[in-house]
Amino acid sequence: MAAEWWAHALGWSAAGSLAAGLVLVAVVPLAPYGFLHDFPEDVQEAAAEPTPAQRRAGAVGGAVFLAVLLAVPVAVPLGWGLTHPGAPWWSLTAMAVVALAVFTAFDTVVVDWLVICRLRPSFLVLPGTEHCAGWSDYRFHLREVLRPRALALFPVLGGAVGTAVWGLLRLLG
């Protein structure tokens, strides 16, 4: 059962992370100002002030990405619970935490380090920030992930998701 649990948790978390990463890379060029706070300080300072339309697009783009991102740690334990009736609360919570950790690793290594720092496609670079050293700052992205408040999200959000999924399955079952 443990191998099956891990296969489900890691496999579906990886698939969900890939989907969320693709949505992020698709949304950023359409709504870059929704993610400006996620860029290094020199990029934020060099970026032009967003227009009201860019702010609205940023809010919509950020909301779309957040919805996809939150769907992953919900869908992974929900899928397990639906196929394994009576799955304990701790199992669903742990699976939500695994899904969050897998996405965080994927986002840091693939999206931040590979796509943004290494490949840096022009459609992701904000106008006026092309010269900024922050675009190649690998440590910035690692520091952001390792911040205590970011790390605290794993058990807190995982616990909330696990509890919600467990409760939903009890209502349905």
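Residues numbered from 1 in each chain as written. Predicted model: local features only at pLDDT ≥ 70, side-chain atom pairs only at ≥ 80, totals over all residues. Heavy atoms only, no water.

K.L.:
Sorry, what's going on with the overall build of the protein here?
P.N.:
The helix and strand inventory of the protein stands at six helices and zero strands. Element order for the protein, N to C, with α for helix and β for strand: α-α-α-α-α-α. For the protein, the spread of C-alpha atoms along the three principal axes comes to 55 × 30 × 25 Å. The buried share among the 173 residues of the protein stands at 40%. Within the protein, residue pairs in contact and separated by at least 24 positions form 78% of the contacts whose partners lie at least 6 positions apart. (Helix = DSSP H or I, 4+ residues; strand = E, 2+ residues; numbered from the N terminus. Buried < 20%, exposed > 50% of the residue type's maximum accessible area, 1.4 Å probe, protein only. Contact = heavy atoms within 4.5 Å.)

K.L.:
Would you explain the packing of helix α4 (residues 89-119) against helix α6 (residues 148-172) in this entry?
P.N.:
When two helices pack together, you describe them by how their axes are tilted relative to each other and by the distance separating the axes. Running from N to C, α4 and α6 cross one another at 135°; their axes reach a closest spacing of 7 Å. The angle between α4 and α6 falls in the class oblique. Note that α4 runs across α6; the crossing there is right-handed. Of the residues in α6, those in contact with Trp 89, Leu 92, Thr 93, Ala 96, Val 97, Leu 100, Ala 101 and Thr 104 of α4 are Leu 153, Phe 154, Pro 155, Leu 157, Gly 158, Gly 159, Val 161, Gly 162, Thr 163, Val 165, Trp 166 and Leu 169. Looking at side-chain class alone, the contact of α4 with α6 contains 14 nonpolar, six polar and no charged residues. (Axes fitted to C-alpha atoms, helices over the stretch in contact; angles between N-to-C directions. Parallel < 35°, antiparallel > 145°, perpendicular 65-115°, else oblique. Left-handed = near helix turned anticlockwise from the far one by under 90°. Nonpolar A, V, L, I, M, F, W, Y, C, P; charged D, E, K, R; others polar.)

K.L.:
Please clarify how helix α5 (residues 138-145) should be interpreted in this entry.
P.N.:
Because each turn of an α-helix spans 3.6 residues, side chains separated by three or four positions in sequence point in the same direction. Regarding α5, the residues found buried are Phe 140, His 141 and Val 145. Looking straight down α5, one finds that the buried residues subtend no more than 130° of arc, so they occupy a single side. Summarising the contacts, the buried residues of α5 are in contact with α4 and α6. One side-chain oxygen at the N-terminal end of α5 lies 3.3 Å from the backbone nitrogen of Arg 139; it belongs to Asp 137. (Arc of directions from axis to C-beta. Polar contact = N/O pair within 3.5 Å; in protein donor to acceptor, adjacent residues only side chain to side chain.)

K.L.:
Would you explain a nonpolar patch on the surface in this entry?
P.N.:
Taken together, the side chains of Leu 82, Leu 168 and Leu 172 make up a nonpolar region of the molecular surface, amounting to roughly 300 Å² of accessible area. Within the secondary structure, Leu 168 sits in helix α6. In this structure Leu 168 comes out as partly exposed when scored by relative accessible area, which is 37%. (Patch = residues over 30% accessible without salt bridge, like charges linked within 9 Å, V, L, I, M, F, W, Y side chains within 5 Å. Areas by Shrake-Rupley, 256 points an atom, 1.4 Å probe, with all protein chains shown as cover. Salt bridge = Lys/Arg side-chain N within 4 Å of Asp/Glu carboxyl O.)

K.L.:
Help me understand the packing of aromatic side chains, please; the structure alone is not making it clear to me.
P.N.:
How two aromatic rings sit relative to each other is set out by the distance from centre to centre and by the angle between their planes. For the structure shown, the criterion picks out five aromatic pairs. The rings of Phe 35, Phe 65 and Phe 103 are connected pair by pair, giving a single aromatic cluster. (Phe/Tyr/Trp six-rings, centres within 6.5 Å; stacked < 30°, edge-to-face > 60°.)

K.L.:
Even after reading the chapter, I still don't get α6, so can you show me in this structure?
P.N.:
The end-to-end C-alpha distance of α6, which contains 25 residues, comes to 36 Å, matching closely the 36 Å that a straight helix rising 1.5 Å per residue would cover. The principal kink in α6, of about 25°, is found at Phe 154, preceding the proline Pro 155 by one to four residues. Regarding α6, the residues found buried are Phe 154, Gly 158, Gly 159, Val 161, Gly 162, Val 165 and Leu 169. Looking at the buried positions of α6, the neighbouring elements they touch are α3 (52-83) and α4. (Expected span 1.5 Å × (residues − 1). Bend = angle between axes of the 7 residues up to and from the residue.)

K.L.:
Even after reading the chapter, I still don't get the side chain of Thr 104, so can you show me in this structure?
P.N.:
As for its position among the elements, Thr 104 is in helix α4. Within the structure, Thr 104 has its side chain in polar contact with the backbone oxygen of Leu 100 (distance 2.9 Å). Not counting residues up to four positions away in its chain, the partners in contact with Thr 104 are Val 145 and Phe 154.

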